[in-house]
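Examination of the molecular architecture
What follows is each chain in one-letter form.
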Amino acid sequence: MTRGAPVEDINENHLTVKKPKKSAAGLTAVGVALDRGISQAGVTRTARSLLRLNQRNGTDCPGCAWPESQGHRKTAEFCENGAKAVAEESTLRTVTPKFWAEHSVAELATRTEYWLGNQGRITHPMVIRPGGTHYQPIPWSEAFELIGEHIRASTPERTVFYTSGRTANETAFMYQLFARSLGTNNLPDCSNMCHESSGSALNPTIGIGKGTVSLEDIHRAELIFVIGQNPGTNHPRMLSALKECKDNGGRIVAVNPLPEAGLFNFKDPQTPSGLLGDGTALADEFLQIKVGADLALFQALGHLLLEEEERVPGSVVDHDFVAANTDGIEAYRAARKSVDWAETEQATGLSRLEIANVAKMMVQSKGTIICWALGLTQQPHSVNTLKEIINLLLLQGNFGKPGAGACPVRGHSNVQGDRTMGIWEKPHEWMLAALDREFGITSPRAHGLDSVDTVTAFENNEVDVFISMGGNFALACSDTDLLEAAMQRVGLTVHISTKPNRSHVSHGMTSLILPTLGRTDTDDKHAGGRQILSVEDSMSVVRSTQGRLAPVSDHLLAEPVIVARMASATLGDDHRVDWKGMAEDYDVIRDHISRVLPGFEDFNRRLRTKNGFILPNPPRDTRSFATDIGRARFTVSPLEYLTPPAGHLILQTVRSHDQYNTTFYGQDDRYRGISNGRRVILLHQDDADAMGFRDRDMVDVISTFQGAERRANKFRLVVYPTPRGCAAAYFPEANALMHRELVARESNTPGYKAMSVRFVPHADRLEQMS
């Protein structure tokens, strides 16, 4: 039976803490998944959506980007958090004009993201004008006219087009075409905040900014590293793939500051042993590394591999591969000739023996995959860290053979596809030239704003119009307090959304909320009938997706239609791009894509095949590397790790189990044992003692960066098994502590895993004591 939207918000006084779990999934995951779906959408709607989820000719999960098998698929081809994502989107709860009339923006600004998002789906386009206190309904035609007027009154460089990863390929292609037809490359996206470092490391070293493995490679690998990620929460279907690797005799090394349950034991909810038995032990080795010390670990592993090669020639290095395909091996060999073990142990918190044991596993493996996520991408030296991973893989020839390669695990569904479609502030010349030929436009060549640059532009009053295709920019970015204040000085903000979020209440002087169809909704209001879209998963497979549920409102428009009507209202119906034709028939969009983007030839036919199609990947397909020198590149980086100032800890942000990015499904971080509260700091008992605090003390948190401080108040300290000197807090509550200039070099990714923080007793408590 469905349940209504929550009336009460999160009450941090109700925080409960239990021992962390030692296994993931199992019967509890099944119960939670079904309960969330039925409570939001009812039995029939939940069954219709879940049984088609990730199936051929079905709906691609709006959660993570983990791939589906090219062979047999299970009846239930989804995980607990995928079911939660579908429940959020397929909900029968609605946010009507009555809701906006009853709640002022000032009141909504006091609510958490949990309360806002759980109110339901937005049913009508809404507007708030200068001096207004409440959003009010606006006809679609007037909304588009308003957008066109504001954009034409400004200049292209003062207009910003943001997008989240959930946007389908066809929408993303139209969106970037609109921006470039207007004359700007201001196309920040969520990739800037997560895996931008991965692309910045992979492109110059192996010639492609994507991973080089398939799902079948995961199953066949002899050794898999899972580094800086929490698959049990962020992409639980990965656990099934790791289990299959284990069943096939593979071994797994987990490297992470926190002992996440999904790294250790997986209770497959689709097997009797998983539901009722002990599950499958996953990690053969767990290296509980300090935050930001992975580069030191990889350099030590490189030293040990080369040392073993020197002792037993031919036992480690794939000399034929290295000689035929790489450059820079001698400089790398010289750099790894020695290692300072005392400094390495201090930096990593690991013993020499622990590192040596893992090196032996690498020596024995004939096929190694290294997987990583945001734990490696959000520090100042992230790009160098990831280049060290490539060094290790190149050394043993772990490209272009079964069960081997690099695997950046993308988080959000189709975040990789957005980049493939051209959502990037630094586009390649070949793509701009192809767009110009196809559409007869003149694309701008100057680089645009990324996400961090956009925050600075807001603060400097350099943005007149901000359009957000999904996402929750105000809450997802660093320096949130300054950002929210700056966004309110913008002339127009436009949010293409399914549900209320924080960005709607940190709005511009004029603000529009345009409600759109979700991934699970049918899209059939077209002359040509029901439409399909496409997505690209973490392993470069492009497949179709189509919704199966009746939309909760007749006033919703599909994202491609919204983009087309914005473009027509801004550029005119006589613009050389046929926006209307693309909005009416998505095959037209795909025909354009097929002539612009390599690998998408014959797009419409191939999309409708059984499994879609796989994009070309030279390192994987032909052991070729399209770098500027035509070879893969070994690199040499200095030793670098995070060292907090005296009296500080290194803070990393993490998600809870009931969360996906800035969307909160509930208040239960089940595997870590934390419920009914989110403003917590996880830290080691010894660090709490050294700083003069006790478990559950209420503190204010102060971050320090280059002499500047940021403050976030009322956090509860929770003693937890973290490494000494390290702490963790939930994203986005801790984003206010992130100075926007604390970024990864080369990629400009925010340093969410690199904050130096200290604590002071919470001010309210001090006032009560006095």
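Every chain is numbered independently, its residues counted from 1 as its sequence is written. For a predicted model such as this one, the threshold for reporting local features is a pLDDT of at least 70, and the threshold for listing and counting side-chain atom pairs is 80 or more; totals across whole chains, interfaces and linings nevertheless cover every residue. Side-chain metrics rest on all non-hydrogen atoms present in the structure, leaving aside hydrogens and water.

1. Side note on the overall build of the chain
What counts, and what does not: Helix and strand definitions follow DSSP, with helices as H or I runs of at least four residues and strands as E runs of at least two, each counted in order from the N terminus. This radius of gyration counts C-alpha atoms alone. The globule rule is 2.2 Å times how many residues there are, raised to the power 0.38. The rule is simple: take the accessible area with a 1.4 Å probe, protein chains only, and divide by the maximum for that residue type; under 20% is buried, over 50% is exposed, in between is partly exposed. Here the open area of atoms and residues is found with the Shrake-Rupley method and a 1.4 Å probe, where only the protein chains shown may cover a residue. For the purpose of charge, His is not counted, nor are the chain termini; Lys and Arg are scored as positive and Asp and Glu as negative. Each charge is placed at NZ for Lys, CZ for Arg, CG for Asp and CD for Glu.
The secondary structure content of the chain amounts to 32 helices and 32 strands. Against the compact-globule benchmark of 27 Å for 770 residues, the chain has a radius of gyration of 25 Å, which places it among compact chains. If one aligns the C-alpha atoms of the chain with their principal axes, the spans along those axes are about 75 × 70 × 55 Å. Taking all 770 residues of the chain together, 64% fall into the buried category. When the accessible surface of the chain is split by element, carbon and sulfur atoms take 51% of a total near 26,800 Å². Across the chain, the 82 positively charged side chains and the 91 negatively charged ones have centroids separated by 4 Å.

2. Comments concerning helix H13 (residues 294-311)
We apply this condition: Take the residue count of a helix, subtract one, and multiply by 1.5 Å to get its expected span.
Here H13 is 18 residues long and its end C-alpha atoms lie 26 Å apart, about the 26 Å a rise of 1.5 Å per residue gives. A large share of H13 lies buried, amounting to 14 of its 18 residues.

3. A short note on the pattern of salt bridges
Formally: Throughout this description, the term salt bridge denotes a Lys or Arg side-chain nitrogen within 4 Å of a carboxyl oxygen of Asp or Glu.
Using the criterion set out here, one finds 45 salt bridges in the structure. Residues Glu308 and Arg311 are paired through a salt bridge, measuring 2.8 Å at the closest nitrogen-oxygen approach. Linking Glu308 with Arg311, this pair stays in helix H13, spanning 3 residues, or about one helical turn. Residue Arg311 is classed as exposed on the basis of its relative accessible area of 60%.

4. Description of the layout of surface pockets
The probe, sized like a water molecule, is rolled over the atoms to show the empty space still left. We count it as follows: Cavity and pocket criteria rest on a 1 Å grid covering protein atoms alone: a 1.4 Å probe that fits but cannot get out defines a cavity, protein on both sides within 12 Å along at least 5 of 7 lines defines an open pocket, and an atom within 4 Å of a point defines a lining residue. Grid points are joined across faces, edges and corners, and a volume is the space filled by probe spheres set on the points.
Estimated volume of the largest pocket: approximately 980 Å³. Lining the largest pocket are 34 residues, and of these Asn203, Ile208, Gly209, Lys210 and His428 lie nearest its centre. Of all elements in the fold, only helix H8 (196-206), helix H20 (415-420), helix H21 (429-439) and helix H30 (618-621) reach the threshold of two or more residues within the lining of the largest pocket. If you add up the space inside the second largest pocket, you get close to 750 Å³. Those elements that place two or more of their residues in the lining of the second largest pocket are helix H1 (27-51), helix H9 (215-220) and helix H11 (237-247). Here the lining of the second largest pocket gets 10 residues from one element, more than from any other, and that element is H1.

5. Considerations on the state of the cysteines
To keep things clear, this is the line we draw: For this text, the term disulfide refers to a pair of cysteine sulfurs within 2.5 Å.
The full count for this structure, using the stated rule, is 0 disulfides. Here Cys194 stays unpaired: no disulfide links it, and the sulfur of Cys190, its closest cysteine neighbor, is 5.3 Å away. You can call Cys194 buried: its relative accessible area is 14%.

6. Some details on empty space enclosed by the protein
The line we're drawing: Gly is put with the polar residues, along with every residue not named as nonpolar or charged; the nonpolar set is Ala, Val, Leu, Ile, Met, Phe, Trp, Tyr, Cys and Pro, and the charged set is Asp, Glu, Lys and Arg.
One pass over the full model with this rule turns up 5 cavities of 30 Å³ or more. Approximately 180 Å³ is the volume found for the second largest cavity. Along the walls of the second largest cavity sit 19 residues, with Leu517, Gly518, Arg519, Asp523 and Leu533 positioned nearest its centre. Along the lines of polarity and charge, the residues of the lining of the second largest cavity split into 7 nonpolar, 7 polar and 5 charged.

7. Some words on the sheet that holds strand E19 (residues 533-536)
Selection rule: Any two strands with at least two DSSP-identified bridges between them are counted as paired. A contact between two residues is defined here by any heavy atoms of the two lying within 4.5 Å. The axes are straight lines fitted to the C-alpha atoms, using for helices just the contacting stretch, and the angles between their N-to-C directions are given from 0 to 180°.
The 3 strands lie next to each other as E19-E20-E21, forming an open sheet whose pairing is antiparallel. Since the sheet does not close on itself, it has two edges, and those belong to E19 and strand E21 (613-614), each with one partner. Here 2 bridges tie strand E20 (residues 541-545) to E21, and the two strands are oriented antiparallel to one another. Within E21, the residue paired with Val541 across the bridge is Ile614. Sheet contacts for helix H7 (residues 169-182): E19 and E20; angle to E19, the most-contacted strand, approximately 90°.

8. Concerning the environment of Glu640
Cut-off, in case you're wondering: Here a polar contact is taken to be a pair of N or O atoms separated by no more than 3.5 Å, where protein atoms must pair a possible hydrogen donor with a possible acceptor and residues adjacent in sequence count only if both atoms sit in side chains.
Mapped onto the elements of the fold, Glu640 is located in the loop between strand E22 (632-633) and strand E23 (649-654). Setting aside residues no more than four positions away along its own chain, Glu640 makes contact with Gly292, Leu295, His381 and Arg745. Polar contacts involving the side chain of Glu640 include one to the side chain of Arg745, which spans 2.9 Å.

9. What to know about the packing of H13 against helix H16 (residues 341-348)
Heads up, the rule is: Note: crossing handedness is left-handed where the near helix turns anticlockwise from the far helix by less than a right angle, and right-handed where it turns clockwise.
One can describe the packing of H13 onto H16 by two numbers: an axis separation of 9 Å at closest approach and a directional angle of 140°. As H13 packs across H16, the resulting crossing turns out to be left-handed. Residue-level contacts link Ala296, Leu297, Ala300, His303 and Leu304 of H13 to Trp341, Thr344, Ala347 and Thr348 of H16.

10. Focus on the packing of H7 against helix H26 (residues 559-571)
Cut-off, in case you're wondering: Convention used here: angles under 35 degrees read as roughly parallel, angles over 145 as roughly antiparallel, angles from 65 to 115 as roughly perpendicular, and any remaining angle as oblique.
At a minimum axis distance of 9 Å, the contact between H7 and H26 shows a crossing angle of 10°. In terms of their interaxial angle, H7 and H26 are classed as roughly parallel. For the pair H7 and H26, the crossing hand works out as left-handed. Contacts between H7 and H26 involve Thr171, Met174, Tyr175, Phe178, Ser181 and Leu182 from the first element and Glu559, Pro560, Val563, Ala564, Met566, Ala567, Thr570 and Leu571 from the second. Looking at the contact of H7 with H26 residue by residue, the class counts come to 10 nonpolar, 3 polar and 1 charged.

11. Here's the deal with the nonpolar core
The test is simple: For our purposes a nonpolar core is just a set of buried Ala, Val, Leu, Ile, Met, Phe, Trp, Tyr and Cys residues, chained together by side-chain atoms within 4.5 Å.
Formed by 61 residues in total, the largest nonpolar core has its most connected members in Ile147, Ile467, Leu512 and Leu514. Among the elements that take part in this core, H7 stands out by supplying 8 residues, more than any other. Beyond its immediate stretch of four places on either side in the chain, Leu514 contacts Pro125, Trp140, Ala143, Phe144, Ile147, Val494, His495, Ile496, Ser497 and Ile562. In this structure, Ile206, Phe225, Tyr332 and Trp341 belong to the second largest nonpolar core, which totals 49 residues.

12. Re H1
Since the α-helix advances by 3.6 residues per turn, residues separated by three or four positions end up pointing in the same direction. Under the convention used in this document: Bend, at a single residue, is the angle you get between axes fitted to the 7 residues ending at that residue and the 7 residues starting at it.
Its 25 residues give H1 an end-to-end C-alpha distance of only 18 Å, which falls more than 12% under 36 Å, the value for a rise of 1.5 Å per residue. Maximal helix bending in H1 amounts to about 115°, located at Gly42.

13. A closer look at the confidence of the model for the chain
Keep in mind that low pLDDT regions are not for reading the predicted coordinates in detail. Basically, it comes down to this: The pLDDT value tells you how sure the predictor is about a given residue, anywhere from 0 up to 100.
Averaged over all residues, the pLDDT of the chain equals 94, while 99% of them reach at least 70. Low pLDDT, under 50, characterises residues 766-770; the stretch is placed with 1 contact to residues that sit more than four places away or in other chains.

14. Some words on the environment of Asn472
In this structure, Asn472 sits in the loop between strand E16 (465-469) and helix H23 (473-476). Distance in space between the C-alpha atoms of Asn472 and His495 is 8.7 Å, their sequence separation being 23 residues. Apart from the residues within four sequence positions on either side, Asn472 is in contact with Glu113, Asn501, Arg502, Ser503 and Thr662. A polar atom in the side chain of Asn472 sits 2.8 Å from the side chain of Ser503.

15. With respect to the pairing of strand E18 (residues 510-515)
A large share of E18 lies buried, amounting to 6 of its 6 residues. Side chains Thr510, Leu512 and Leu514 of E18 all project onto a buried face; the interleaved residues Ser511, Ile513 and Pro515 project onto the opposite face, where all are buried too. Where strand E5 (residues 126-128) and E18 come together, 3 bridges link them in antiparallel fashion. If you follow Val127 over to E18, its bridge partner there is Leu512. One ladder, built from 6 bridges, connects strand E17 (residues 492-497) with E18; its direction is parallel. What sits directly across from Leu492, in E18, is Thr510.

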